Protein chains: 2
Amino acid sequence: MNGASMIHLEATPPTRAAPKLNGVLETAVYVSDLAAAEKFYGEVLGLEKIFSVPGWQLVFRNGESIVLIFNPDHTERERVVINGGNIPLHGARGAGHLAFRVAKPDLDAWRRRLVESGVTIESEVSWPNGARSVYFRDPAGNSLELATPDMWRSNQPP
Amino acid sequence: MNGASMIHLEATPPTRAAPKLNGVLETAVYVSDLAAAEKFYGEVLGLEKIFSVPGWQLVFRNGESIVLIFNPDHTERERVVINGGNIPLHGARGAGHLAFRVAKPDLDAWRRRLVESGVTIESEVSWPNGARSVYFRDPAGNSLELATPDMWRSNQPP
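Residues numbered from 1 in each chain as written. Chains lettered and ligands numbered in written order. Predicted model: local features only at pLDDT ≥ 70, side-chain atom pairs only at ≥ 80, totals over all residues.

## A word on the nonpolar core
Logical step 1: Grouped together as the largest cluster of nonpolar side chains are 78 residues, with contacts concentrated most on Tyr41, Val67 and Ile69 of chain A together with Tyr41, Val67 and Ile69 of chain B.
Logical step 2: In contact with Ile69 of chain A, other than residues within four places in its own chain, are Val29, Val31, Leu34, Ala37, Tyr41, Gln57 and Leu58 of chain A. (Core = buried A, V, L, I, M, F, W, Y, C linked by C-beta atoms within 7 Å. Buried ≥ 20, exposed ≤ 12 C-beta atoms within 10 Å, placed from the backbone. Contact = placed C-beta atoms within 7 Å.)

Okay, structure coming up:
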């Protein structure tokens, strides 16, 4: 028996290919103040609010993407059961991150809108491959990014 | 002056419509063990790894979505500068959440693959609108979900 065969790995993937995953449907961030988040994501970023549970969560749509905003004080500890099935507990603390896809010609309008809305542009990055990022924070301190679509277009670092 | 006019709101959105956001490009989760995450997201979930910074982050592609996996020990405190522009500090602790879109006919194959890979299916939910969710954890405890595409198809709660 060689050393490698003694390594215990908890998850042993089958050798055949995985069934298909068709992209990320839901992206989550965590905030303690849902009212501030609703104003920010809804009015400043202009996302469409499609559902909410007062004090608990907000659901926004942006194209094919769903952005879930949760108050971890609830989701970490209070169980929700739907038709007999548990929604698992979850909840994070600290600054999460998500990036929205923005066409390069729209970046100037976004910079203006953020500044006019009183949102500080924390930084901008010009990537070696020509992609651009504009970074700012939501009211809870999550790090949000507007990223041009060429960011990860090739399988090379931007 | 009535009470409402005295409320101070930090961010005052302009009245015109926001420029366009074209969906979520990057979704992030945080883990302390990147090697375990690489095996899980790459081999069990079958995502395509397109970039990594050893000890720091993994970048996976799934269709139009980019899944970023960060070690918050680095991203919370160590600044990265690209072409003179700062990537803001970020990093979360606790169980984050993301959901992948999975066609209903593929759910059985996913259940089999997870079980054969030693991954516990934590729960399943049958939503009132007919959508289905299968929940499990990544090795760091993030709550992952396979959700059928009808989950948020209408602007009604599922």
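Structure's up, so let's keep going.
## Some remarks on the interface of chain B and chain A
Logical step 1: Residue-level contacts link 78 residues of chain B with 78 residues of chain A.
Logical step 2: Broken down by class, the residue content of the side of chain B that touches chain A amounts to 40 nonpolar, 22 polar and 16 charged.
Logical step 3: Sheet topology places strand E7 (residues 91-95) of chain A next to strand E7 (residues 91-95) of chain B; five bridges connect them, and they run antiparallel. Looking at E7 of chain B, one finds that Gly94 of chain A is bridged to Ala92 of chain B. (Nonpolar A, V, L, I, M, F, W, Y, C, P; charged D, E, K, R; others polar. Pairing = 2+ DSSP bridges. Helix = DSSP H or I, 4+ residues; strand = E, 2+ residues; numbered from the N terminus.)

## Examining the relation of the copies chain B and chain A
Logical step 1: Of the two same-sequence chains, chain B is brought onto chain A (RMSD 0.0 Å, axial shift 0.0 Å) by a rotation of 180 degrees. Taken together, the rotation and translation describe the operation of a two-fold axis. Relative to the rotation axis, the C-alpha of Arg93 of chain B is the closest in chain B, positioned 2.6 Å from it.
Logical step 2: Both copies share a contact surface, since 99% of the interface residues of chain B are interface residues in chain A too. (Least-squares fit on C-alpha atoms with pLDDT ≥ 70 in both.)

## Let's talk about the domain arrangement of chain A
Residue and element names in this part refer to chain A.
Logical step 1: Considered domain by domain, chain A is made up of domain 1 (23-93) and domain 2 (94-158).
Logical step 2: Placing the centre of domain 1 and that of domain 2 at their C-alpha centroids yields a distance of 21 Å.
Logical step 3: With 13 residues of domain 1 at the interface, the matching set in domain 2 holds ten residues.
Logical step 4: Secondary structure elements with two or more residues in the side of domain 1 that touches domain 2: strand E1 (24-30), helix H1 (34-44) and E7. (Domains from an automatic or database assignment.)

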